Amino acid sequence: MKVIGKDIGEKLDALYAELEKRVRIEGERGLRVESFEGGSFSNVSWDDDAVVISLHNGVPTHALPHVFGVALQHVRQRLDRYPAVRPAQQGNQPGAGLVRNALRELVMAPEADAQLERYELDEDWEVEQRHAGFKEMVRDAPEEWNRLRTPGHAFAALQYARFALQHPAELWESLREQMTERFPAAAESGEGVAQVVRTHGWKSPGGCLESLIAARDELDLRAVAVVEDRRSGKLL
């Protein structure tokens, strides 16, 4: 199939067809793919008439199947009522949105990747981009990262935990040392977050829910984020 004018082969054809049908029947919307220029590889938005998957136009063709696959899995997560992260009473404070996004991706990104393993998609380019991005981010980060109970510290700890859980071990070690040397408090908090997520995992909606709540509470983020159980509608 072709997406944003690029031929990505046939590996995701059946997955796309399945989700297009589910979105149409269960979500009462169309499923549309568009290109965009933004700060992420992809984005998924649920509009009134369509679910729109936006793919960064700068992603090379060989890397696009995995980027597209992750976006499709995020559509599937919502259809399957996986949990969501919502603003709490202090949800509008500076940096709170970045913290919530980092919390959500900490759990939902590895769940999406786990579902894509069967397709054997090339993700080397994404790994390289994330590796370079994290290295640059640590180099230029503010001292707030080391100050407990600040948005910067929470963001740094969540990023650390995500890399500890997802990044290839042989690449993560150098980044871990760099982070620990410059921001030891954030690294320590990140280790704690990674541990609670490993305990609960992401193999089911319930597991993801428990991981999100545990990671949030590990960093004392109840004033910034609530976790919605989409199966019951409860905010936790």
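My aim in this report is to walk through the structure given alongside it, one point at a time. (Residues numbered from 1 in each chain as written. Predicted model: local features only at pLDDT ≥ 70, side-chain atom pairs only at ≥ 80, totals over all residues. Heavy atoms only, no water.)

Along its length, the protein chain carries eight helices and eight strands. In terms of overall size, the protein chain behaves like a compact globule, its C-alpha atoms giving a radius of gyration of 18 Å where 236 residues would be expected to give roughly 18 Å. With respect to the three principal axes, the spread of C-alpha positions in the protein chain is 45 × 40 × 30 Å. Within the protein chain, the fraction of its 236 residues that count as buried is 49%. Restricting to contacts in the protein chain with at least 6 residues of sequence separation, those with at least 24 account for 64%. A total of about 11,700 Å² of accessible surface is found on the protein chain, and carbon and sulfur atoms cover 46% of it. Across the protein chain, the mean location of the 30 positive side-chain charges is 5 Å away from that of the 39 negative side-chain charges. (Helix = DSSP H or I, 4+ residues; strand = E, 2+ residues; numbered from the N terminus. Rg over C-alpha atoms; globule rule 2.2 N^0.38 Å. Buried < 20%, exposed > 50% of the residue type's maximum accessible area, 1.4 Å probe, protein only. Contact = heavy atoms within 4.5 Å. Areas by Shrake-Rupley, 256 points an atom, 1.4 Å probe, with all protein chains shown as cover. Lys, Arg positive; Asp, Glu negative; His and termini not counted. Charge placed at Lys NZ, Arg CZ, Asp CG, Glu CD.)

Burial runs high along strand β5 (residues 50-56): seven of the seven residues are buried. Neither face of β5 is left uncovered, since the one carrying A50, V52, S54 and H56 and the one carrying V51, I53 and L55 both have all their residues buried. Looking at chain direction, strand β3 (residues 30-36) and β5 are connected through seven bridges and run parallel. Bridging from a neighbouring strand, S35 pairs with L55 of β5. Across five bridges, the pairing between strand β4 (residues 42-46) and β5 is antiparallel. Note on β5: the bridge partner recorded for V44 is I53. (Pairing = 2+ DSSP bridges.)

So, about the nonpolar core. With 42 residues, the main nonpolar core has L106, W145, L158, M179 and V193 as its most contacted residues. Secondary structure elements with two or more residues in this core: α3 (96-116), α4 (124-140), α5 (151-166), α6 (169-182), α7 (184-200), α8 (205-218) and β7 (225-229). Element by element, the count of residues in this core is highest for α5, at ten residues. Residue contacts for L158: discarding those within four places in its chain leaves V99, A102, L103, L106, V193, L219 and L221. Within the second largest apolar cluster, 27 residues are counted, among which are Y16, F68, V75 and L79. (Core = buried A, V, L, I, M, F, W, Y, C linked by side-chain atoms within 4.5 Å.)

Turning our eyes to something else, we now look at the packing of aromatic side chains. Under the definition given, this model contains eight aromatic pairs. Between Y16 and F68 the ring centres are 6.1 Å apart and the planes differ by 40°, which places this aromatic pair in the tilted class. Here Y16 is found in helix α1 (residues 13-26), whereas its partner F68 is found in helix α2 (residues 64-79), with 52 residues between them in sequence. Considering the side-chain rings of F41 and W125, the 5.2 Å spacing of their centres and the 50° angle between planes classify their relative orientation as tilted. Placement of F41 in the loop between β3 and β4 and of W125 in helix α4 is noted, with a sequence separation of 84 residues between them. One aromatic cluster in this structure is built from F134, Y160, F163 and W172. (Phe/Tyr/Trp six-rings, centres within 6.5 Å; stacked < 30°, edge-to-face > 60°.)

Attention shifts here to the packing of α3 against α5. Running from amino to carboxyl end, α3 crosses α5 at an angle of 10°, the nearest separation of the two axes being 8 Å. Taken as axis vectors, α3 and α5 run roughly parallel relative to one another. For the pair formed by α3 and α5, the contact residues are L98, V99, A102, L103, E105, L106, A109, P110 and D113 on the first element and P151, A154, F155, L158, Q159, A161, R162, L165 and Q166 on the second. (Axes fitted to C-alpha atoms, helices over the stretch in contact; angles between N-to-C directions. Parallel < 35°, antiparallel > 145°, perpendicular 65-115°, else oblique.)

For α6, spanning 14 residues, the distance from its first C-alpha to its last is 20 Å, which sits close to the expected 20 Å at 1.5 Å a residue. Packing partners of the buried residues in α6 comprise α4, α5 and α7. (Expected span 1.5 Å × (residues − 1).)

As a further point, take the sheet that holds β5. The strand order across the open sheet formed by three strands is β3-β5-β4, and the pairing between neighbours is mixed. At either end of the open sheet lies a strand with only one pairing partner, and these are β3 and β4. Adjacent strand axes in the sheet meet at a mean angle of 20°, parallel and antiparallel pairs treated alike. Across the face of the sheet, α1 comes into contact with β3 and β5 while running at roughly 120° to β3.

Sheet architecture is open: three strands sit in the order β6-β7-β8, paired in antiparallel fashion. Of all strands in the sheet, those bounded by a partner on one side alone are β6 (84-87) and β8 (234-235). Where β6 lies against β7, four bridges are found, and the strand directions are antiparallel. The partner of R86 across the bridge, within β7, is V226. In the packing of α8 onto the sheet, contacts are made with β6 and β7, and the angle to β7 comes to roughly 170°.

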